[in-house]
Amino acid sequence: MKWFDLHSLSRGEALTCVVLALLFLTATGLFIGLRPEHLLITGLFVVLFFAAPATRRLAVALLPFVLFGISYDWMRLVPNYEVNPIDTRPLYEAERALFGITADGQCLIPGEYFNAHHWSVADLLAGLFYLCWVPVPIAFGLWLYFSGQRRHYLRFAVAFLFVNLLGFLFYYVHPAAPPWYVLNYGFEPILSTPGNVAGLSRFQDLTGLYVFDGLYSKNANIFAAVPSLHAAYMLIAFVYAVISRQRKTLLVVFAIITVGIWATAVYTCHHYIIDVLLGIACALVGIALFEWVLLRIPPVTRFFHRYVRYIAVPEPVKGTPHNN
């Protein structure tokens, strides 16, 4: 089976793609429940894989992001609150003890304070920053890919997946309610509680764009506040922008978006400051483990080099134009 054939699609590759696609749809239908987006993403991947060598390389390159989406969705199979008790009160009390704000004779967590004291400009910026949460890192990855920086792209994409898997693991180790849950429902866990846009509703009311309602209605698990992966994603993009030596303008933009998302997570009551700090730690530890441990394990190194070669821009045949 030619897993890394740069010149043609082997029968083994074609069969593998079809079988994996069918297995994914079947397993998802049986255990999770098929939704239109499952069919759309699977169909798009298969079309890219079979359309042409260039699109096949793109499909294979996107696998880390595909696996990220699948792993998040499949947390529905075994909710983390079935593995360990949900933290509602201790996290709230720790936030108040460490970062409490005194107002009108009461000590409030920052999320409570901003729930009562908010400003239209901040609400607008908060929504704009949170809309960057996943799209900007993915757009950065695609830019690295299409600009020919394939090795840097793959390092970023796999690190992004690895940090997510670390975060998902911690969700199971320590299920935790977000601050909006405590403010709305108290400290008693209610397992059927749907996702909530919390303070982002103010952005929606200002703009008339109810995009967050759709996003949070698909939340796989609301008791997954620690660590804040909202805080991690743009930080990963920023770190790999530095590693790949991007322009200072891009670094400044990424830094602003990163800090803006951190502030928004607290301002809109989606995360405690503790969650954000742990999300930052998750990103930095995950990147360090990936770069300095995993990539130095010989089998991982060999696989990574093969992966890079598979998605690399092929050398043009002498005397012919180069088309990627």
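Under the annotation held in an unreviewed UniProt entry, the protein carries the name PAP2 superfamily protein and is attributed to Prevotella aff. ruminicola Tc2-24. Entered under Subcellular location (unreviewed entry) in the UniProt record, the comment concerning the protein runs "Membrane".

So what's going on with the nonpolar core? Which residues, and what values?
Counting 64 residues, the largest nonpolar core has Phe 140, Tyr 153, Phe 156, Ile 236, Tyr 240 and Ile 311 as its most contacted members. Two domains each provide a minimum of three residues to this core, namely domain 1 (1-81) and domain 2 (84-311). Aside from chain neighbours lying at most four places away, what touches Ile 236 is Phe 156, Phe 160, Val 163, Ala 283 and Ile 287. In terms of nonpolar packing, the next biggest core, distinct from the first, is built from 9 residues, Ile 109, Ala 176, Ala 225 and Ile 274 among them.

Hey, could you go over unusual backbone geometry for me, with residue numbers and the actual values?
Leaving glycine out, the prevailing phi sign among residues is negative, and the prevailing peptide bond configuration is trans. Cis peptide bonds are those with omega within 30 degrees of zero, and the linkage from Val 226 to Pro 227 qualifies with -5°. Here Cys 269, not a glycine, exhibits a phi torsion of approximately 70°, which is positive. Residue placement: Cys 269 occurs in the loop between α14 (248-267) and α15 (273-292).

Run through a nonpolar patch on the surface, naming residues and quoting values.
On the surface, a nonpolar cluster with roughly 760 Å² of combined accessible area is contributed by Val 121, Leu 124, Leu 125, Leu 128, Leu 131, Leu 206, Leu 209, Val 211 and Leu 215. At the level of secondary structure, the elements contributing two or more residues to the nonpolar patch comprise α7 (120-131) and α12 (211-216). With 5 residues, the top contributor of residues to the nonpolar patch is α7. Looking at where Leu 215 falls in the secondary structure, it is placed in helix α12.

Talk me through the packing of aromatic side chains; I want residue IDs and the actual numbers.
A complete count under the given rule lists 29 aromatic pairs for this structure. Ring plane angle 45° and centroid distance 6.4 Å describe the contact between Phe 65 and Tyr 153, whose orientation is recorded as tilted. Of this pair, Phe 65 sits in helix α4 (residues 63-73) while Tyr 153 sits in helix α9 (residues 150-173), and the two are 88 residues apart along the sequence. An angle of 0° between the planes, with centres 5.5 Å apart, marks the rings of Trp 133 and Tyr 233 as stacked. Of the two residues, Trp 133 sits in the loop between α7 and α8 (135-146) while Tyr 233 sits in helix α13 (residues 229-243), which places them 100 residues apart along the sequence. An aromatic cluster is defined as three or more aromatic residues linked by ring pairs; in this entry it consists of Phe 65, Phe 68, Trp 133, Phe 140, Tyr 145, Phe 146, Tyr 153, Phe 156, Phe 160, Tyr 233, Tyr 240 and Phe 254. For Arg 56, the ring lying beneath its charged end belongs to Phe 49, and the centroid distance is 6.0 Å. One cation-aromatic arrangement involves Arg 202 over Tyr 267; the distance from NZ or CZ to the ring centre is 5.1 Å.

Could you give me a rundown of the packing of helix α2 (residues 36-51) against helix α3 (residues 53-61), with the residues and numbers involved?
It is at 5 Å that the axes of α2 and α3 come closest, and there the two elements cross at 140°. What the angle tells us is that α2 and α3 run oblique. Of the residues in α3, those touching α2 at Phe 45, Leu 48, Phe 49 and Ala 51 are Thr 55, Arg 56, Ala 59 and Val 60. Taken together, the residues of the contact of α2 with α3 sort by class into 6 nonpolar, 1 polar and 1 charged.

Kindly report on the pattern of salt bridges, identifying the contributing residues and their values.
What the rule picks out here adds up to 7 salt bridges. Between Glu 93 and Arg 89 there is a salt bridge, with the nearest N and O atoms lying 3.9 Å from each other. Note that Glu 93 and Arg 89 are positioned in helix α5 (residues 89-99) at a spacing of 4 residues, about one turn of the helix. Given a relative accessible area of 43%, Arg 89 falls into the partly exposed group.

If you had to explain the side chain of Thr 264 to someone new, which residues and values would you point to?
Summarising the element assignment, Thr 264 is placed in helix α14. Given a relative accessible area of 4%, Thr 264 falls into the buried group. A polar side-chain atom of Thr 264 sits 2.8 Å from the main-chain carbonyl oxygen of Gly 260. With residues near it in sequence (within four places) discarded, Thr 264 still touches Ala 126, Phe 129, Tyr 130 and Leu 200.

Give me the environment of Leu 154: which residues, what numbers.
One can find Leu 154 in helix α9. Residue class for Leu 154 comes out buried when judged on its relative accessible area of 0%. When the C-alpha atoms of Leu 154 and Gly 141 are compared, they prove to be 8.3 Å apart, with 13 residues separating the residues in sequence. In this view, Leu 154 contacts Phe 304, Tyr 307, Val 308 and Ile 311; residues no more than four positions away in its chain are not counted.

What counts and how
Position numbers for residues count from 1 along each chain, tracking the sequence in the order it is written. Note on the predicted model: pLDDT of at least 70 is required for a residue's local features to be given, and 80 or more for side-chain atom pairs to be given and counted; whole-chain, interface and lining totals, by contrast, use all residues. Hydrogens and waters are ignored; side-chain quantities use all the structure's heavy atoms. UniProt positions are given in the numbering used here, feature names are shortened, and annotations may be inferred rather than shown by experiment. Nonpolar cores are built from buried Ala, Val, Leu, Ile, Met, Phe, Trp, Tyr and Cys residues. Side-chain atoms within 4.5 Å join them into one set. Any residue under 20% of the maximum accessible area for its type is buried, any over 50% is exposed, and the rest in between are partly exposed; the area is computed with a 1.4 Å probe on protein chains only. The domain limits used here are those given by an automatic or database domain assignment. The contact criterion used is simple: two residues touch if any of their non-hydrogen atoms lie within 4.5 Å. Numbering goes from the N terminus for both helices and strands, where a helix is a DSSP run of H or I of at least four residues and a strand is a run of E of at least two. What goes into a patch is any residue over 30% in relative accessible area without a salt bridge, connected to like charges within 9 Å or, for nonpolar side chains (Val, Leu, Ile, Met, Phe, Trp, Tyr), within 5 Å. Where accessible areas are quoted, they stem from the Shrake-Rupley method and a 1.4 Å probe; at the residue level, only the protein chains shown are allowed to cover. Here a salt bridge means any side-chain nitrogen of Lys or Arg lying within 4 Å of a carboxyl oxygen belonging to Asp or Glu. Side-chain rings of Phe, Tyr and Trp (the six-membered ring for Trp) are treated as a pair once their centres are within 6.5 Å; stacked means planes under 30 degrees apart, edge-to-face means over 60, and tilted covers the remaining angles. Two limits define a charge over a ring: the Lys NZ or Arg CZ must be within 6 Å of the ring centre, and within 35 degrees of the ring normal. Each axis is a line fitted through C-alpha atoms, taken for helices only over the stretch in contact, and angles between the N-to-C directions span 0 to 180 degrees. Orientation is classified from the angle alone, with under 35 degrees giving roughly parallel, over 145 giving roughly antiparallel, 65 to 115 giving roughly perpendicular, and any other angle giving oblique. Polar here means any residue other than Ala, Val, Leu, Ile, Met, Phe, Trp, Tyr, Cys and Pro, which are nonpolar, and Asp, Glu, Lys and Arg, which are charged; Gly is therefore polar. Residues adjacent in sequence count toward polar contacts only when both atoms are side-chain atoms; beyond that, a polar contact is any pair of N or O atoms within 3.5 Å, and within protein one must be able to donate a hydrogen and the other to accept it.

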